[in-house]
Amino acid sequence: MLALWAQQLSLSHAADTMDRTERFYRIDALLQSQRVVTFERLQEALQVSRATLRRDLAYLRDRLGAPIVWDRQARGYRYQPDAHEPVQPLPGLWFNAQEAHALLLMQALLEQLQPTLLKPHIEPLRARLRALLETGQHAAEDVQRRVRLLTAGQRPVPQAHFELVASAVLQRRQLELHYYVRARDEHSQRRVCPQMLLYHRGGWYLLAWCHLRQGLRSFALEAIEQVQLLDAPACEVEPAELEAFIGQGYGIFSGTQVRWAQLRFAPERARWVACETWHPRQQQRWCDDGTLQLRVPYTDLRELAMEVLRHGAQVEVEQPAELRALVAEELRAALRRYDGGHGTG
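Just so it is clear, the model here is predicted, and its values are computed rather than measured.

### A short note on the nonpolar core
- Of all hydrophobic cores here, the largest spans 28 residues; its most connected members are Val165, Leu175, Leu177, Val192, Leu206 and Phe219.
- For this core, the secondary structure elements donating two or more residues are α8 (159–171), β3 (173–181), β4 (186–200), β5 (203–210), β6 (215–220), β7 (224–233) and α9 (239–247).
- Apart from the residues lying within four places of it in its own chain, the contact partners of Phe219 are Leu177, Tyr179, Arg190, Val192, Trp204, Tyr205, Leu206, Ala208 and Cys210.
- Counting 18 residues, the second largest nonpolar core, distinct from the first, contains Trp278, Val296, Val315 and Val317.

Dropping the structure here:
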């Protein structure tokens, strides 16, 4: 019966809700370990007011279906298990996959921080995060050992650069950037109006209005060579325009002209790709021969081509012709490199 509690309890509220969740575990532990628990004993263990404890007990009983009853003779609370179903302990964690990922990602990011002026403010947050991970009967160390995020491919950003960019985003001030455009192997100087910070596939990006290009552009923070915070106020881009720029096509290289790519995956790889979300508006269709046809919107070929190449011979670009040609040329170039004997050893 109680195994269903986790499905009924929402963690959409922030710290308040998790505090209550921790109390629920303590109440359950006391009722599981003792035949009868007095109101005073529960209040002492939880360190809450009488009104809060009454609300907790009512929520457990009325909303989550916990079989908690008041034993008048023993002057305390106890479980009244169903004759056909013994009371089961609460599950160890009340997190779904997205919540667990968020908590562990926050923990990983905090652990990477070097000692800074923020340390006095960060430590309480680390302690709070530890308490969240430790909810229930699992120690935080056990959670860290048993549930882990692998973050290969992260691109570190100089701390000073990140602080200046973040300050500009929040203070609404312009930035002067010396930026390295890796795709063209060129260095440029840009004056930009920061709009938003984005984290995508192991890297931080600044979404900003570029005065040089007269439009929205995304800048990889690790490719910023120099940055200067200016006194001039940043112009504001309409939220709808920002959202459209971010979400129209596949990847971080966004734009305004949306086109569609059609890919076909071999049966073996299709079983994996069918579980992936490349874009919220993607379309997929299983074919009679076991292949998977995937259609995704894009505004720039570069990142989509890299993703296609990652699947090697297990994918074929059906449309558009320019993406098909680009991928084919990359594969031919790779074959020439291997056939040309440029390897070592």
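### Quick word on the state of the cysteines
- Enumeration over the complete set of coordinates arrives at 0 disulfides.
- Free cysteine: Cys193, not disulfide-bonded; nearest cysteine sulfur from Cys235 at 3.3 Å.
- Exposure remark for Cys193: the relative accessible area of 1% places this residue in the buried category.

### So, the environment of Ile27
- Along the chain, the position of Ile27 falls in helix α2 (residues 15–33).
- Judged by its relative accessible area of 0%, Ile27 is buried.
- Expressed as a C-alpha distance, the spacing of Ile27 and Ala45, which sit 18 residues apart in the sequence, is 8.6 Å.
- Among residues more than four places away in sequence, those in contact with Ile27 are Leu42, Leu46, Leu53, Asp56, Leu57 and Leu60.

### With respect to the sheet that holds strand β10 (residues 292–298)
- Sheet architecture is open: 4 strands sit in the order β9-β10-β8-β11, paired in antiparallel fashion. Here the strands that pair on one side only, and so sit at the sheet edges, are β9 (283–286) and β11 (315–319). Strand-to-strand twist across the sheet, computed as the mean angle between neighbouring axes with direction ignored, equals 25 degrees.
- Of the strand pairs in this sheet, β9 and β10 are connected by 4 bridges, and their pairing is antiparallel. Note on β10: the bridge partner recorded for Arg285 is Gln293.
- Running at roughly 160 degrees to β10, helix α11 (residues 301–309) makes contact with β8 (259–265), β10 and β11 of the sheet.
- Against the sheet, helix α12 (residues 321–339) contacts β8, β10 and β11, and its axis sits at roughly 150 degrees relative to β11.

### Quick notes on the packing of aromatic side chains
- Counted under the stated rule, the structure contains 7 aromatic pairs.
- For the ring pair Tyr179 and Phe219, a centre distance of 5.1 Å and an interplane angle of 90 degrees mean the geometry is edge-to-face. A residue pair is termed long-range when its members are at least 10 positions apart, and Tyr179 in strand β3 and Phe219 in strand β6 qualify at 40 residues. For the pair Tyr179 and Phe219, a shared accessibility class is recorded, and that class is buried.

### A few points about the sheet that holds β3
- Read across the sheet, 5 strands follow the order β6-β5-β4-β3-β7 without closing on themselves; strand pairing throughout is antiparallel. Edge strands, defined here as strands with exactly one partner in the open sheet, are β6 and β7. Here the strands of the sheet are splayed against their neighbours by 45 degrees on average, with no regard to which way each runs.
- As judged from the 6 bridges shared by β3 and β7, these two strands associate in the antiparallel manner. Bridge pairing in β7 places His178 opposite Gln226.
- Packing of α8 onto the sheet brings it into contact with β3, β4, β5 and β7, and relative to β7 it is tilted by some 25 degrees.

What counts, and where the lines are drawn
- Residues numbered from 1 in each chain as written.
- Predicted model: local features only at pLDDT ≥ 70, side-chain atom pairs only at ≥ 80, totals over all residues.
- Heavy atoms only, no water.
- Core = buried A, V, L, I, M, F, W, Y, C linked by side-chain atoms within 4.5 Å.
- Buried < 20%, exposed > 50% of the residue type's maximum accessible area, 1.4 Å probe, protein only.
- Helix = DSSP H or I, 4+ residues; strand = E, 2+ residues; numbered from the N terminus.
- Contact = heavy atoms within 4.5 Å.
- Disulfide = S-S within 2.5 Å.
- Pairing = 2+ DSSP bridges.
- Axes fitted to C-alpha atoms, helices over the stretch in contact; angles between N-to-C directions.
- Phe/Tyr/Trp six-rings, centres within 6.5 Å; stacked < 30°, edge-to-face > 60°.

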